[in-house]
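Overview (structure and organization)
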Amino acid sequence: MSRFIPPLLGVVLALLALWYAAVVPMNVQETLTRAERAEIPVTPATAVERRDTGTWALVFGNLGALGESWSLDRPRLPAPHQVVAELYDSTVTEELTGRRGLVRSGSLSNRGLLYHAIVTLNATFVGFLIGTGLGIVLAIGIVHSRVMDMSVMPWAIVSQTIPIVALAPMIIVVLYSIGIQGLLPKAVISAYLSFFPVVVGMVKGLRSPDGMQMDLMRTYNAPTRDVLTKLRLPASVPYLFASLKIAIAASLVGAIVGELPVQKGGLGARMLAGSYYGQTAQIWAALLMAAGLAAVLVWAIGAVERRTLVRMGMSR
Amino acid sequence: MTLILAALALWAAGFALNVALANGPARDTRAAQIAVPLIFGATLLAMWELIVRGAEVPTVILPPPSDIAERFAGNTGLLWRDFTQTILKGALSGYVIGNVAAFLTALLVDRSDYLRRGLLPLGNFMAALPIVGTAPILVMWFGFGWQSKAAVVVLMVYFPMLVNTVAGLSETTAMQRDLMKTYAATWGQTLWTLRLPAALPFIFNGLKITSTLALVGAIVAEFFGSPTLGLGFRISTSIGQLDLAMVWSAIVVAALAGTGFYGLITLIEKRMTFWHASTRGR
């Protein structure tokens, strides 16, 4: 573990430095407009002239007037500390001192990022459970029935080349028009995205017992059901967990995309609102929150995986 | 009602035919392996048509396939322009840039152990992220044209490809590398004659995964702003007009493009990794 930390820290610090450096050219127009209003001399004196000047010429021509690059209200690229500040404001500050926050109203503020994260997380979990359940059932069917293997499997593969995320708005609107709204439509999309990795992984896992093991079951004269519960299912557990890690990340993406068309809370809705009102820091904060969620979810599955495999005697 | 009964009868007939084919004497022939999924798909389509007409489902909820086919045939020009905008300009250019960049980074990572240990955990983490979330930011930076879609696609394909290529480059055994060392082969020669060929299955796996990601990225990015054409634009505006047949036509275009693209890469893969166990087995 400690082998990884110094280089990882080095790479992350380098990325942060790059980010701070990139903020200057990205925001140079806005910074210079502010500098002009504050009556600091700027080389091309008017905004019209500056619009036609190259970015690098502006940066190096006005080295003295770039001080506000990292503290603009609506930057094109917010600096890292601005994103962190927005994250803090929309979680801790909002819940502690906001009018609708946890302290005053006793429930999570619907302006806070925590509330949106929980909305997204709910859809992710429901979709993940549905998708995983269906995936396992279908995989069992495919392993036991030649007809299903031959007819369903090719279509399951073809269906993955359809960008289902593109279908998301339509599924949401159609379900909305027949009265289904809220959590379920988003969960349907999450379920679809998490379903395929589970099917593929489980089929591979259920077929992983080798000829020797299957022969042993045959000498015991074990019925198909016992072969499934006592040999195939336990043997498929490592494959299942590998798939679950992919599936939970995919179902988070599904939930976020599902929130785009119906603006009723969630990180996706938050990103879209941020993009409508030019609140870049808000989009970045939502993105960071989504990143954190994805990392925690994948890590949690990994932790369950390690404990399960140790208990089953498959790893130490 | 009769139409629904007909649909059920059709399903039973198709299923019985498939059972007969899959368990019959010809089950391992190539023809049966193609026929069974085709029958399954055709049965599904026919049942969709019959049930939608039989149960009188409003076309704003689910149009029958014949309507979709009609709308598709009537708008080929429009759909072709959407296809060029989204797939050829947005997705394909982003796909090429992203994969080439990831490949070059992988070579760099391969030469430096520091970078490998620093960048790979980050790459694994980024590959799990909802990168689609960057779409609003990139549309804000690069404008509504295809450039912003290409940028979203680059970000989406970069990390999965990087992780796959790096894994592929470390696929050779110590014995093989030692042999190259006894030949006094340079890093470049080892790479070209031993490690790149060994990495090809992984590289192609990355190319396959990222091919669908590229389509998704380009289409979703159009939901955040696009010129008045493109598949994502067509889907979101047609939903607004409740013209579901048009939405499905756009989806058919995306599905055909996705399947074709994936198929093409699989074909190249089979030609280039003919020696690998996974292709040699069949």
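None of the values given here were measured: they were computed from a predicted structure. Each chain has its residues counted from 1, following the order in which its sequence is written. Whichever chain is written first becomes A and whichever ligand is written first becomes 1, with later ones labelled in order. Totals for whole chains, interfaces and linings use all residues, but because this is a predicted model, local features are given only for residues with pLDDT of at least 70 and pairs of side-chain atoms are given and counted only at 80 or more. Derived side-chain values reflect all non-hydrogen atoms in the structure, with water molecules and hydrogen atoms excluded from consideration.

1. Remarks on the packing of aromatic side chains
Residue and element names in this part refer to chain B. Ring geometry is summarised as follows: Phe, Tyr and Trp rings, the Trp one being its six-membered ring, pair when their centres sit within 6.5 Å, and such pairs are stacked at plane angles under 30 degrees, edge-to-face over 60 and tilted between the two. This structure, assessed with the given rule, holds six aromatic pairs over all chains. With a centroid separation of 5.3 Å and an interplanar angle of 65°, the aromatic rings of W48 and W248 are classed as edge-to-face. Pair noted here: W48 is in helix α2 (residues 30–54) and W248 is in helix α11 (residues 244–272), with a separation of 200 residues, a long-range link. Whether a residue is buried, partly exposed or exposed follows from its accessible area with a 1.4 Å probe, protein chains only, as a fraction of its type maximum: under 20%, in between, or over 50%, in that order. Judged by its relative accessible area of 22%, W48 falls in the partly exposed class. Sitting over the face of the ring of W187, R111 holds its NZ or CZ atom 4.3 Å from the ring centroid. Counting from the N terminus, the helices are the DSSP runs of H or I reaching at least four residues and the strands are the DSSP runs of E reaching at least two. Working rule: Lys NZ or Arg CZ, within 6 Å of ring centre, within 35 degrees of ring normal, means a charge sits over the ring.

2. Points about the UniProt feature "transmembrane region" (unreviewed entry) in chain B
Residue and element names in this part refer to chain B. UniProt positions are given in the numbering used here, feature names are shortened, and annotations may be inferred rather than shown by experiment. In the UniProt entry, the feature "transmembrane region" (unreviewed entry) is given for residues 32–52, 119–144, 150–170, 202–225 and 245–268. Its end C-alpha atoms 30 Å apart, residues 150–170 is made of 95% helix and 0% strand. Within residues 202–225, the helical portion is 88% and the strand portion 0%, while the C-alpha atoms at the span's ends are 35 Å from each other.

3. Things to note about the packing of helix α12 (residues 224–258) of chain A against helix α14 (residues 280–311) of chain A
Residue and element names in this part refer to chain A. Angular values range over 0 to 180 degrees, each being the angle between N-to-C directions of two axes fitted as lines to C-alpha atoms, with helices fitted over their stretch in contact. Across the interface, α12 lies against α14 with an axial gap of 10 Å and an inter-helix angle of 165°. Put simply, α12 runs roughly antiparallel to α14. Considering how the two elements wind past one another, α12 and α14 form a crossing that is right-handed. Listed contacts from α14 to V237, P238, F241, L244, K245, I248, L252 and I256 of α12 are A290, L293, A294, L297, V298, I301, G302, V304, E305, T308 and L309. In this classification, the charged set is Asp, Glu, Lys and Arg, the nonpolar set is Ala, Val, Leu, Ile, Met, Phe, Trp, Tyr, Cys and Pro, and all remaining amino acids, among them Gly, are polar. Grouping the amino acids of the contact of α12 with α14 by side-chain chemistry returns 15 nonpolar, two polar and two charged. Every angle not falling under 35 degrees, over 145, or within 65 to 115 is termed oblique; those three ranges are roughly parallel, roughly antiparallel and roughly perpendicular. By definition, any crossing whose near helix is turned counterclockwise from its far helix by less than a right angle is left-handed, and any crossing with a clockwise turn is right-handed. Residue contacts follow a heavy-atom distance rule, with two residues in contact if any of their heavy atoms lie within 4.5 Å.

4. Describing the domain arrangement of chain B
Interfaces are often sized by the amount of accessible area the parts lose when they come together. Each domain's extent is set by a domain assignment, obtained either automatically or from a database. When cut into domains, chain B gives domain 1 (2–57) and domain 2 (72–280). The C-alpha centroid of domain 2 of chain B is placed 35 Å from the C-alpha centroid of domain 1 of chain B.

5. Side note on the UniProt feature "transmembrane region" (unreviewed entry) in chain A
Residue and element names in this part refer to chain A. With numbering matched to this structure, UniProt assigns "transmembrane region" (unreviewed entry) to residues 113–143, 155–178, 239–262 and 282–304. The annotated region residues 113–143 carries 100% helix and 0% strand content, and the separation between its end C-alpha atoms amounts to 44 Å. Across residues 282–304 one finds 100% helix and 0% strand; the C-alpha atoms that close the span lie 33 Å apart.

6. Quick look at the interface of chain B and chain A
At the junction of the two partners, chain B supplies 51 residues and chain A supplies 51 residues. When the two sides are added together, the surface that chain B and chain A hide from each other amounts to roughly 4,300 Å², 83% of it contributed by carbon and sulfur. Every case where a carboxyl oxygen of Asp or Glu lies within 4 Å of a side-chain nitrogen of Lys or Arg is listed as a salt bridge. For the interface between chain B and chain A, the tally reads zero salt bridges. We define a polar contact as two N or O atoms separated by no more than 3.5 Å, with the added condition that, inside protein, one atom must be a possible hydrogen donor and the other a possible acceptor, whereas residues neighbouring each other in sequence contribute only through side-chain atom pairs. Linking chain B with chain A are one residue pair in polar contact (both at pLDDT 80 or more), by the criterion used here. When residues of the side of chain B that touches chain A are traced back to their parent elements, those giving at least two are α1 (2–23), α2, α5 (113–127), α6 (135–142), α9 (187–222), α10 (231–240) and α11 of chain B. Put simply, buried area is the surface a 1.4 Å probe can reach on two separate parts but cannot reach once they are joined, added for both.

7. A look at the environment of G265 of chain A
All names here are of chain A. Secondary-structure assignment places G265 in the loop between α12 and α13 (267–276). Considering only alpha carbons, one finds G265 and T93, 172 residues apart in sequence, at a separation of 19 Å. Apart from residues no more than four positions distant in its own chain, G265 is found in contact with H116, V119 and E259.

8. Notes on the pattern of salt bridges
Residue and element names in this part refer to chain B. In this structure the tally under the stated criterion is 15 salt bridges over all chains. The salt bridge partner of D67 is R53, with a shortest N-O separation of 3.9 Å. Separated by 14 residues along the polypeptide, D67 in helix α3 (residues 65–74) and R53 in helix α2 bring together distant segments of the chain. Accessibility expressed as a relative area gives 26% for D67, which makes it partly exposed. Given the relative accessible area of 43%, R53 is considered partly exposed. Two residues, R234 and D82, come together in a salt bridge whose shortest N-O distance is 2.6 Å. Placement of the pair is R234 in helix α10 and D82 in helix α4 (residues 76–111), with a sequence separation of 152 residues. Judged on exposure class, the residue R234 and its partner D82 are both buried. Each of D110, D113, R116, R117 and R195 takes part in one network of salt bridges that share partners.

9. Here we look at the confidence of the model for chain A
What pLDDT expresses is the predictor's confidence in each residue, scored from 0 to 100. Per-residue pLDDT for chain A averages 83, and the proportion of residues at 70 or more is 97%. The spread of mean pLDDT over the elements of chain A runs between helix α9 (residues 164–177) of chain A, the lowest at 73, and helix α7 (residues 113–144) of chain A, the highest at 91.

10. As for the environment of M202 of chain A
Residues and elements named next belong to chain A. Within the fold, M202 resides in helix α10 (residues 183–206). When the C-alpha atoms of M202 and T46 are compared, they prove to be 64 Å apart, with 156 residues separating the residues in sequence. Discounting residues that sit within four places of it in the chain, M202 has contacts with I136, A139, L233, S236 and L240.

11. Let's talk about the confidence of the model for chain B
Residues with a pLDDT of 70 or more make up 97% of chain B, whose mean pLDDT is 84. The least confident element of chain B, judged by mean pLDDT, is helix α12 (residues 277–280) of chain B at 60; the most confident is α4 of chain B at 90.

12. Comments concerning the packing of α14 of chain A against α6 of chain B
At a minimum axis distance of 10 Å, the contact between α14 of chain A and α6 of chain B shows a crossing angle of 145°. Of the residues in α6 of chain B, those touching α14 of chain A at T280, I283, W284 and L287 of chain A are P136, I137, M140 and W141 of chain B.

13. Considerations on the side chain of T43 of chain B
If you trace the backbone, T43 of chain B turns up in helix α2. The residues touching T43 of chain B, leaving out its near neighbours within four places in the chain, are L10, W11 and G14 of chain B.

14. Points about the nonpolar core
The set of buried Ala, Val, Leu, Ile, Met, Phe, Trp, Tyr and Cys residues whose side-chain atoms join them within 4.5 Å is what this entry labels a nonpolar core. If you look at the biggest cluster of nonpolar residues, it comprises 69 residues, and the most contacted ones within it are M170 of chain A together with L162 of chain B. Tallying contributions element by element places α9 of chain B first for this core, with 14 residues. Each residue touching L162 of chain B, except ones within four places of it in the same chain, is listed here: A102, T105, A106 and L119 of chain B. If you look at the next biggest cluster of nonpolar residues, it comprises 23 residues, including L87, I283, A285 and L293 of chain A.

15. Considerations on α2 of chain B
Residues and elements named next belong to chain B. Multiplying one less than the number of residues by 1.5 Å gives the expected span of a helix. For α2, spanning 25 residues, the distance from its first C-alpha to its last is 36 Å, which sits close to the expected 36 Å at 1.5 Å a residue. The set of residues buried in α2 consists of A32, V36, P37, G41, T43, M47, E49, V52 and G54. Looking one or two residues beyond α2, the residue adopting positive phi is E56, at roughly 50°.

16. Here's the deal with the side chain of E305 of chain A
Residue and element names in this part refer to chain A. Tracing the chain through its elements places E305 in helix α14. Since its relative accessible area comes to 14%, E305 is described here as buried. Among the polar contacts made by the side chain of E305, one reaches the side chain of K245 at a distance of 3.0 Å.

17. Comments concerning helix α1 (residues 5–26) of chain A
For α1 of chain A, with 22 residues, the first-to-last C-alpha span of 31 Å sits near the 32 Å given by 1.5 Å per residue. The complete set of buried residues in α1 of chain A reads P7, V11, V23, V24 and P25 of chain A.

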